[in-house]
Amino acid sequence: MSEIALQAVELVRRIEGDVAHTLVNGIDLSVKKGEFLAITGPSGSGKSSLLYLLGLLDAPSEGEVIICGEPTSKLSESERADVRLTKCGFVFQFHFLLPEFTSLDNVLLPMRAAGKMSEPEMRERGLSLLGSLGLGEHANKRPNQLSGGQRQRVAIARALANRPEIIVADEPTGALDTVSTQQVFKILRDIADQGQTVVVVTHDPALAARADRRIHIVDGKIAESTGQGGGEAVCEMAT
Amino acid sequence: MKLLFNIAWTHVSTRVRQTLVGMAGVSMGVGFTIMMAGLMQGSQLDFLRQLVDTMPHITIEDERRSVPTQPADQEYAAVQMSDIANVGKRPGIKYPESVMSSLRSWIPGDVAPSAKSTAIINHGGARIGISLTGIDPRREVHVSKLATQMREGKIEDLSRSPNGILMGEALAEKLGVKTGNTVLLIGGQGIQLNSTVAGLFRSGLRSIDESQIYSLMGPAQIIMGQSGVVNQLRLRLNDPMLAQKVAAQVEAQTGYKSVSWQEANADLLSSFTVRDFIVLTVMGAMLLTSSFATYNIISTITHEKRQDIAIMKSLGMREYAVRRIFIIEAAIIGVVGILFGWVLGYLLCYGWSKITIFNPLTGTTVPLSIHYSLTHYAVVGGISLLCCAGAAYFPARKATRVQPVEIIRGAS
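Here is a short report on the structure shown in this document.

A word on the pattern of salt bridges. Scanning all chains against the criterion turns up 29 salt bridges over all chains. Across the pair A:Glu100 and B:Lys305 runs a salt bridge whose closest N-O atoms are separated by 2.4 Å. In this pair, A:Glu100 sits in the loop between β6 (88-91) and α3 (103-114) while B:Lys305 sits in the loop between α12 (266-304) and α13 (306-314), so the two residues belong to two different chains. B:Arg202 is paired through a salt bridge with B:Glu169; the nearest N and O atoms lie 3.3 Å apart. Of the two residues, B:Arg202 sits in the loop between β7 (192-201) and α8 (206-209) while B:Glu169 sits in helix α7 (residues 169-175), which places them 33 residues apart along the sequence. Exposure remark for B:Glu169: the relative accessible area of 25% places this residue in the partly exposed category. Three or more residues are tied together by salt bridges with common partners; here these are A:Glu100, B:Arg15, B:Glu304, B:Lys305 and B:Asp308.

Set out below in structure tokens:
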């Protein structure tokens, strides 16, 4: 039986207020180590909300997110930050690079925050990551000197910096042209093939089809689950 | 910490104009506060210096602080005595020379005898009440600055003129007399003495220059009608600030009332305390106001950098670490601002020290007294740095409390 990297148990995210709104409504999900999971669904269906919950960017109203066997619902905000720093890598729709820093400095940021490597080691790894993504010659450029695809690749390099178990990507190709989209997806595919777990939210069904497994979210629930990779997944079908 | 400093430095160095405005605000606050502190303390110390130089540090008088306890009071608890008539005894300090010898053996300074009395000076129809102090010129130079305060004549000229007196310049001006003129002194018992003005002095304190006259011991004792009497011993200490402590010891030893210069000017010194409080309040307000520039800049930066804050938090940086970035930014603005403020403060102090003003009390033109103290620079710098850090803390705390997901959703 394959090792579970990421698990959601009865996950609920509710927005309280004058008009209460449920973004994620009781999702159970398991993602194996090295699996490439694509989350699809119409706008407002709750797929990004689910992703933020899985990546500990948001806290669930009910339920539990288990990362590498560790329950996270009782963790303090600082402990959640530590888990994000060491076990999760984030890629967003927009690159969200720090504009005043070079590509290399942006990639070094999570490593410096973790403080587990020496400066030469960090620089070596940063340059190696940028090189492996075809950005070796752009290491000293700032984000405004790069194309959209290049920026997104720098963001992926940053997400990989601390060798996280899980890469969480929220529509990483949403703002890219076709060529860059293909490049980014290939990179994510390669990452999964190398043993890291990748969870991607995307609107593009063609791209989602290249994932090991695809789950389709409607009204905060899993409406459909397809693909071979989902052997360990427990999917509650929308009624 | 290096990472946080790098981010902070990048933020401030890419906003040159804003950063310079913030630094200028801090510099102005620090500079003007240092100038004000130097000016206020300078004038205060100058005044105290004049006061201390003009009067003895400790004055021992031939009186007691309270009536001596009666033997019957000591013996029987039930006995209570009041309104006891004083026995008519000869005024003055008993055995002054032996008292002085005893004091000289331990006090950190010197002591001189004097005979102090009040008299009326009569000249050209003018009758002015004055304070007459009989001194020993050889000893006087050890206990007062009178010798250096002489404007005409010398302190030794007292011995060369018949019944010579030294008079304050302001009093001489009021009477219209000059050195060498003769005036009439009238004592309390109607004793009259023609005296020659042997010299003029200026202490710098108008109240003294208008009412104080010095003579040799003999003429003063004649005016008092008590030959040979010494009713005052005046002490000058190497460190004037020890006066209160030494005065208490002297009083305990001799039994005579010993008044330090601080006790004699208690009202004045307490007014200085109020003045210090007002000055400190104003200086604090200046530093606080200058820190608003820092607050404004950090508020702007945190607002502009909301997205970066969200990203850093989403990457796993802790809230306090992100908050610290903005505190460091404020510290950079504060430290550079303080360094320039120190230079500005010094230059302002130097500039003010070159300005002379007319003192209507003394009738002289004097430069402004500035007190240069490293303490001013350290305290003002420290307070300013704290104000800057405080000014940054609140906007930084507010900005870093935001949930990253809210910003990321908004940006997406």
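Now, onward.
The next thing to look at is the packing of aromatic side chains. Working definition: an aromatic ring pair is given by the centre-to-centre distance plus the angle between the planes. This structure, assessed with the given rule, holds 8 aromatic pairs over all chains. Here A:Phe36 and A:Phe185 contribute two aromatic rings whose centre-to-centre distance is 5.9 Å and whose plane-to-plane angle is 20 degrees, an arrangement assigned as stacked. On the criterion of sequence distance, the pair formed by A:Phe36 in strand β3 (residues 36-40) and A:Phe185 in helix α6 (residues 178-193) is long-range, its members being 149 residues apart. Grouping residues by exposure puts A:Phe36 and A:Phe185 together as buried. Between B:Phe47 and B:Phe272 the ring centres are 5.9 Å apart and the planes differ by 90 degrees, which places this aromatic pair in the edge-to-face class. Placement of the pair is B:Phe47 in helix α2 (residues 16-54) and B:Phe272 in helix α12, with a sequence separation of 225 residues. The structure contains a cluster of three or more aromatic residues connected by ring pairs, namely A:Phe90, A:Phe92, A:Phe94 and A:Phe96.

On to the interface of chain B and chain A. If you look at the interface, chain B gives 25 residues, while chain A gives 24 residues. Buried surface at the junction of chain B and chain A, both sides included, amounts to about 2400 Å², of which 64% is carbon and sulfur. Along the contact surface separating chain B from chain A lie 3 salt bridges. Among the ionic pairs, A:Asp82 bridges to B:Arg318, the shortest N-O distance being 2.3 Å. The set of elements that each furnish at least two residues to the side of chain B that touches chain A consists of α1 (2-13), α13 and α16 (404-411) of chain B. Examining the composition of the side of chain B that touches chain A, we find that 6 residues originate from one element, α13(B), more than from any other. Of the residues belonging to the side of chain B that touches chain A, the class tally is 10 nonpolar, 9 polar and 6 charged.

Parameters and conventions
Residues numbered from 1 in each chain as written. Chains lettered and ligands numbered in written order. Predicted model: local features only at pLDDT ≥ 70, side-chain atom pairs only at ≥ 80, totals over all residues. Heavy atoms only, no water. Salt bridge = Lys/Arg side-chain N within 4 Å of Asp/Glu carboxyl O. Helix = DSSP H or I, 4+ residues; strand = E, 2+ residues; numbered from the N terminus. Buried < 20%, exposed > 50% of the residue type's maximum accessible area, 1.4 Å probe, protein only. Phe/Tyr/Trp six-rings, centres within 6.5 Å; stacked < 30°, edge-to-face > 60°. Contact = heavy atoms within 4.5 Å. Buried area = accessible area lost by both parts, 1.4 Å probe. Nonpolar A, V, L, I, M, F, W, Y, C, P; charged D, E, K, R; others polar.

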